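# Architecture and fold: a report
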Amino acid sequence: MNAAVKLIIKIVIISMLALAPTTYINMHYDPYGIYRTDFREQKIEPNQRFIKIRYILNNPGKYDSFMFGSSRVGNIPSESIPDGKYYNMTISQGIPSEHLYNLKLLLDNKIKVKTVMLGLEDFSYKLEPRSENGELITEPYSESAIENLKYYIKYTFKMPDRNVLEPYIHPKDGEFPVFYDIYNSGRPIHTEIDEYINTHKDEHIKDKKFKTPSVHNTNFMDQTLKDIQEFVDLCNKNSIKCIVFINPTYKATYTANNPVQFMEFKKRLTGITDFYDFSGINSITGDPFNYYETSHFRVFIGEKMLARMFDNYNKVPVPEDFGVLVTKKNIEQHLKMLKEQL
């Protein structure tokens, strides 16, 4: 064995020894759930952008309908919709460009899609369309096997930040666990949080967090509407039923995020598709009991949304002022009502 070969072997051995602690940490804690099969011990949000597409592609035929949207649609029990086998594709701060990318991936991989639902909100056009940013928690699944391999390697051998590992190393007492039901409904399940709110109603609705709205000030409306147009066109081209809806934003967040600009978005949206609008100031959005905080509505509100959109859904009572089917014909009347609410 010559000196050069010996040197190479030494380098490889030293590298393996140096990376062993990092590899162990990533494989053992698996902070973003890439290798995990059971998400009951998941302490922080997993990389749903990567895991969910991988799961669907590995299980073709298990689902024929998909609900796309931000973390808010994760509180809509789409698995209970009677007209299809639904999977909830909720991703944190998901925007139309990402939903379009994921739908294309499904279709390119011959996944048969019967119905899609696209959930929108005020920040759908306020977050900049993402490019590959190298963040392990948001990196999407790729059409390229080589790119996916690169992600696995980076995830396995890159030491995560201390704040990522902290919930695993020093879990806090009293925090409500969230079960990410990745390999079934696709939704986050937070039963204990709901039980606490139901038994501490007054304390919950008076919580100071409801005075702190979630605010976004940028505007990418033109690009967002192009992405939605392409999404709808892709559905039409592939004979996919497409249902578009706007989530019910909590009143404080709705009023703090330029609702007049939001009305402009809705008017332009009618040039692309009809949609159900659950936003505005109504009997649902003004009550803190219906929300976990100023961004996410609770699951029983998601059930009311489904009852409005699907006539054959479970007989759940829905307030008359909650959910309007908006079209080109009634958009002006609808905008007038929204202005009167303000």
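What you see is a predicted model; the values in this text were computed from it and never measured.

### Some words on helix α2 (residues 48-58)
Of all eleven residues that make up α2, ten are buried, and the element is covered over most of its length. Where α2 is concerned, the buried positions are Gln-48, Arg-49, Phe-50, Ile-51, Lys-52, Ile-53, Arg-54, Tyr-55, Ile-56 and Leu-57. N-capping of α2 is provided by Asn-47, with a side-chain oxygen placed 3.2 Å from the backbone N of Arg-49.

### Overview of the sheet that holds strand β3 (residues 115-120)
Within the open sheet, the six strands sit side by side as β2-β1-β3-β6-β7-β8. Their pairing is mixed. The open sheet terminates on both sides in strands that have one partner only, identified here as β2 (86-88) and β8 (324-326). Taking the axes of each pair of neighbouring strands and ignoring which way they run, one obtains an average angle of 20 degrees across the sheet. Against the sheet, helix α8 (residues 221-237) engages β1 (65-68), β3 and β6 (241-246), with an angle of about 170 degrees to β3.

### Describing the pattern of salt bridges
A complete count under the given rule lists 15 salt bridges for this structure. Residue Glu-147 pairs with Lys-150 through a salt bridge whose shortest N-O separation is 3.3 Å. On the criterion of helical spacing, the pair formed by Glu-147 and Lys-150 is a turn pair, its members being three residues apart in helix α4 (residues 145-157). We note a salt bridge from Arg-268 to Glu-264, for which the minimum N-O separation is 3.9 Å. Taken together, the residues span about one helical turn, with Arg-268 and Glu-264 both in helix α10 (residues 259-269) at a distance of four residues. Here the residues in one salt-bridge network are Arg-72, Glu-121 and Asp-122, joined through shared partners.

### Some words on the environment of Ala-20
Summarising the element assignment, Ala-20 is placed in helix α1 (residues 3-29). Looking at Ala-20, the relative accessible area reads 38%, which means it is partly exposed. Measuring from C-alpha to C-alpha, the distance between Ala-20 and Gly-33 comes to 19 Å, with 13 residues separating the pair along the chain.

### Describing helix α5 (residues 162-169)
Within the span of α5, buried status applies to Val-164, Leu-165 and Tyr-168. All buried residues of α5 fall inside an arc of 80 degrees around its axis, so they share one side. Seen from the open side of α5, the exposed residues pointing more than 90 degrees away from its buried face are Arg-162 and Asn-163.

### Things to note about the environment of Asn-88
Looking at the element boundaries, Asn-88 is found in strand β2. With 145 residues separating them along the chain, Asn-88 and Asp-233 place their C-alpha atoms 21 Å apart. Setting aside residues up to four positions removed in sequence, Asn-88 forms contacts with Lys-52, Met-67, Val-73, Gly-74, Ile-76, Ser-78, Ser-185, Gly-186 and Arg-187. A polar side-chain atom of Asn-88 sits 3.3 Å from a polar atom in the side chain of Ser-78.

### Structural notes on the side chain of Ser-70
You can see Ser-70 is positioned in the loop between β1 and β2. Here Ser-70 falls in the buried class, since its relative accessible area comes to 0%. Discounting chain neighbours no more than four positions away, the residues touching Ser-70 are Thr-90, Ile-91, Gln-93, Gly-94, His-99, Glu-121 and Phe-123.

### Things to note about a nonpolar patch on the surface
A surface patch of nonpolar side chains, about 280 Å² in accessible area, is lined by Leu-149, Ile-153 and Phe-157. Tracing the backbone through its elements, the reader meets Phe-157 in helix α4.

### Looking at the nonpolar core
Judged by nonpolar contacts, the single largest core of 55 residues is most densely connected at Phe-66, Phe-68 and Phe-265. The dominant element in this core, judged by the number of residues it contributes, is α8, at seven residues. With sequence-adjacent residues up to four places away left out, Phe-66 is seen in contact with Ile-56, Tyr-86, Tyr-87, Met-89, Leu-106, Ile-111, Val-113, Thr-115, Val-116 and Met-117. Counting residues in hydrophobic clusters, the runner-up holds 23 residues, among them Val-73, Phe-278, Phe-297 and Leu-306.

### Details of the packing of aromatic side chains
Applying the stated criterion across every chain, the model contains 25 aromatic pairs. When the centroid spacing of 6.5 Å and the interplanar angle of 40 degrees are considered together, the rings of Phe-66 and Phe-68 count as tilted. Ring geometry for Tyr-125 against Phe-262: centres 6.3 Å apart, planes inclined by 45 degrees, an arrangement best described as tilted. Within this pair, whereas Tyr-125 is found in the loop between β3 and α4, its partner Phe-262 is found in helix α10, the two being separated by 137 residues in sequence.

### What about the pairing of β3?
With six of its six residues buried, β3 lies for the most part within the structure. A two-sided burial pattern is seen for β3, the buried positions comprising Thr-115, Met-117 and Gly-119 on one face and Val-116, Leu-118 and Leu-120 on the other. Alignment of β1 against β3, held across four bridges, turns out to be parallel. Its bridge partner being in β3, Met-67 is matched across the sheet by Met-117. In this sheet, β6 lies alongside β3 in parallel orientation, the contact comprising six bridges. The residue of β6 that forms the bridge with Val-116 is Cys-242.

### Quick word on the layout of surface pockets
Here the largest pocket is characterised by a volume of approximately 1000 Å³. In terms of lining residues, the largest pocket is bounded by 33 residues, among which Phe-176, Pro-177, Val-178, Tyr-180 and Ile-193 are the most central. Contributions of two or more residues to the lining of the largest pocket are made by α5, α6 (191-199) and α7 (201-205). Tallying contributions element by element places α6 first for the lining of the largest pocket, with three residues.

What counts as what
- Residues numbered from 1 in each chain as written.
- Predicted model: local features only at pLDDT ≥ 70, side-chain atom pairs only at ≥ 80, totals over all residues.
- Heavy atoms only, no water.
- Buried < 20%, exposed > 50% of the residue type's maximum accessible area, 1.4 Å probe, protein only.
- Helix = DSSP H or I, 4+ residues; strand = E, 2+ residues; numbered from the N terminus.
- Polar contact = N/O pair within 3.5 Å; in protein donor to acceptor, adjacent residues only side chain to side chain.
- Pairing = 2+ DSSP bridges.
- Axes fitted to C-alpha atoms, helices over the stretch in contact; angles between N-to-C directions.
- Contact = heavy atoms within 4.5 Å.
- Salt bridge = Lys/Arg side-chain N within 4 Å of Asp/Glu carboxyl O.
- Arc of directions from axis to C-beta.
- Patch = residues over 30% accessible without salt bridge, like charges linked within 9 Å, V, L, I, M, F, W, Y side chains within 5 Å.
- Areas by Shrake-Rupley, 256 points an atom, 1.4 Å probe, with all protein chains shown as cover.
- Core = buried A, V, L, I, M, F, W, Y, C linked by side-chain atoms within 4.5 Å.
- Phe/Tyr/Trp six-rings, centres within 6.5 Å; stacked < 30°, edge-to-face > 60°.
- 1 Å grid on protein atoms, 1.4 Å probe; cavity = no way out; pocket = protein on both sides within 12 Å on 5 of 7 lines; lining within 4 Å.
- Points joined across faces, edges and corners; volume = space filled by probe spheres on them.

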